[in-house]
Amino acid sequence: MKDMTERQARAEAMKRWGAAAIIQYSAPRSDRRGRLARYTCKVGNGAGGGIAIEGQGYTWREAFDDARPR
């Protein structure tokens, strides 16, 4: 299955979490550390002023598949 574009990922996040939806792409780097560092795509909910990462993966589809169901 083909991966999503950034625009499609933003639209999917808005469907799931509304106006507080967040998508984040980080180019892969070898000097990052920590649990989230290895994934390039993160999706989540920014409601309440914080960032709650709901899903993560190497592609947008993987990140949404990792997130809790709607």
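Structure: above.
This text gives an overview of the structure that appears in the document. Not measured: the values here are computed from a predicted model. (Residues numbered from 1 in each chain as written. Predicted model: local features only at pLDDT ≥ 70, side-chain atom pairs only at ≥ 80, totals over all residues. Heavy atoms only, no water.)

**Topic: the environment of Met-4**
Mapping Met-4 onto the fold places it in the segment before helix H1 (6-17). Note on Met-4: relative accessible area 14%, which makes it buried. Along the backbone, Met-4 and Trp-60 are 56 residues apart, and their C-alpha atoms lie at a distance of 6.0 Å. Contacts of Met-4, omitting those with residues within four sequence positions, involve Ala-9, Glu-12, Trp-60, Arg-61 and Phe-64. (Helix = DSSP H or I, 4+ residues; strand = E, 2+ residues; numbered from the N terminus. Buried < 20%, exposed > 50% of the residue type's maximum accessible area, 1.4 Å probe, protein only. Contact = heavy atoms within 4.5 Å.)

**Things to note about the side chain of Glu-54**
Here Glu-54 shows up in strand E3 (residues 52-57). The class of Glu-54 is buried, set by a relative accessible area of 14%. If we skip the residues at most four places from it in the chain, Glu-54 touches Trp-17, Val-43, Gly-44, Asn-45, Asp-66, Ala-67 and Arg-68.

**Quick look at the sheet that holds strand E1 (residues 21-25)**
Spatially, 3 strands are ordered E1-E2-E3 in an open sheet, and the strand pairing comes out antiparallel. Two strands lie at the open edges of the sheet, namely E1 and E3, each paired on one side alone. Each strand axis lies, on average, 20° off the axis of its neighbour in the sheet, ignoring direction. Where strand E2 (residues 41-45) lies against E3, 5 bridges are found, and the strand directions are antiparallel. Following the sheet pairing, Lys-42 is matched in E3 by Gln-56. Docked against the sheet, H1 engages E1, E2 and E3, running at close to 150° with respect to E1. (Pairing = 2+ DSSP bridges. Axes fitted to C-alpha atoms, helices over the stretch in contact; angles between N-to-C directions.)

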